[in-house]
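# Chains, contacts and geometry: an overview
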Amino acid sequence: QVQLVESGGGLVQAGGSLRLSCAASGRTFSSYAMGWFRQAPGKEREFVAAISWSGGSTYYADSVKGRFTFSRDNAKNTVYLQMNSLKPEDTAVYYCAAGVSRQYSDQSRYHYWGQGTQVTVSS
């Protein structure tokens, strides 16, 4: 069992930065690939980024590539999403998730989810 708690969301102006964190419980954290997904009002939840269990590979949605950076610290059981050059269209609730599949963008492949953290980008 893995419990995930996101933090770091907030209100930022367009062009600004935020860093989201997701802290995990459980000694098997390093066995899981991790993903970030987001859901904007009235829209379906969508893939944002993923990182392999080792942190050696990262994957990004085209909409955030070059602006967001996903990293993990297995010693701290924590993953981070550094978000730069934020745009109003990045406004959403951001969720982290843990899974063992290599189908990183498929949210159905993730077993554990956090409660989400709100990110609001003003224009």
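Details of the structure are given in the entry above.
None of the values given here were measured: they were computed from a predicted structure. (Residues numbered from 1 in each chain as written. Predicted model: local features only at pLDDT ≥ 70, side-chain atom pairs only at ≥ 80, totals over all residues. Heavy atoms only, no water.)

## Concerning the overall build of the chain
The helix and strand tally for the chain stands at 0 helices and 11 strands. Taken from N to C terminus, the helices and strands of the chain fall in the order β-β-β-β-β-β-β-β-β-β-β. The C-alpha radius of gyration of the chain comes to 13 Å, within 12% of the 14 Å expected for a compact globule of 123 residues. Looking at the chain as a whole, 46% of its 123 residues qualify as buried. Contacts spanning at least 24 positions in sequence make up 57% of the contacts within the chain whose residues lie at least 6 apart. With an accessible surface of roughly 6,300 Å², the chain has 45% of that area assigned to carbon and sulfur atoms. Taken together, the 12 basic and 8 acidic charged side chains of the chain have centroids lying 7 Å from each other. (Helix = DSSP H or I, 4+ residues; strand = E, 2+ residues; numbered from the N terminus. Rg over C-alpha atoms; globule rule 2.2 N^0.38 Å. Buried < 20%, exposed > 50% of the residue type's maximum accessible area, 1.4 Å probe, protein only. Contact = heavy atoms within 4.5 Å. Areas by Shrake-Rupley, 256 points an atom, 1.4 Å probe, with all protein chains shown as cover. Lys, Arg positive; Asp, Glu negative; His and termini not counted. Charge placed at Lys NZ, Arg CZ, Asp CG, Glu CD.)

## As for the pattern of salt bridges
In this structure the tally under the stated criterion is 5 salt bridges. The partner of Arg67 in a salt bridge is Asp90, with the nearest N and O atoms 2.8 Å apart. Of this pair, Arg67 sits in the loop between strand S6 (58-60) and strand S7 (68-73) while Asp90 sits in the loop between strand S8 (78-83) and strand S9 (92-99), placing them 23 residues apart in sequence. Both residues of the pair, Arg67 and Asp90, count as buried. (Salt bridge = Lys/Arg side-chain N within 4 Å of Asp/Glu carboxyl O.)

## So, the sheet that holds strand S1 (residues 4-7)
The 4 strands are arranged S1-S3-S8-S7 in an open sheet whose pairing can be described as antiparallel. For this open sheet the edge positions go to S1 and S7, each flanked by a neighbour on one side alone. Taking the axes of each pair of neighbouring strands and ignoring which way they run, one obtains an average angle of 15 degrees across the sheet. Of the pairings in the sheet, the one linking strand S3 (residues 18-24) to S8 comprises 6 bridges and is antiparallel in character. Paired with Ala23 across the strands is Thr78, a residue of S8. (Pairing = 2+ DSSP bridges. Axes fitted to C-alpha atoms, helices over the stretch in contact; angles between N-to-C directions.)

Coordinates in, geometry out; function isn't part of it.
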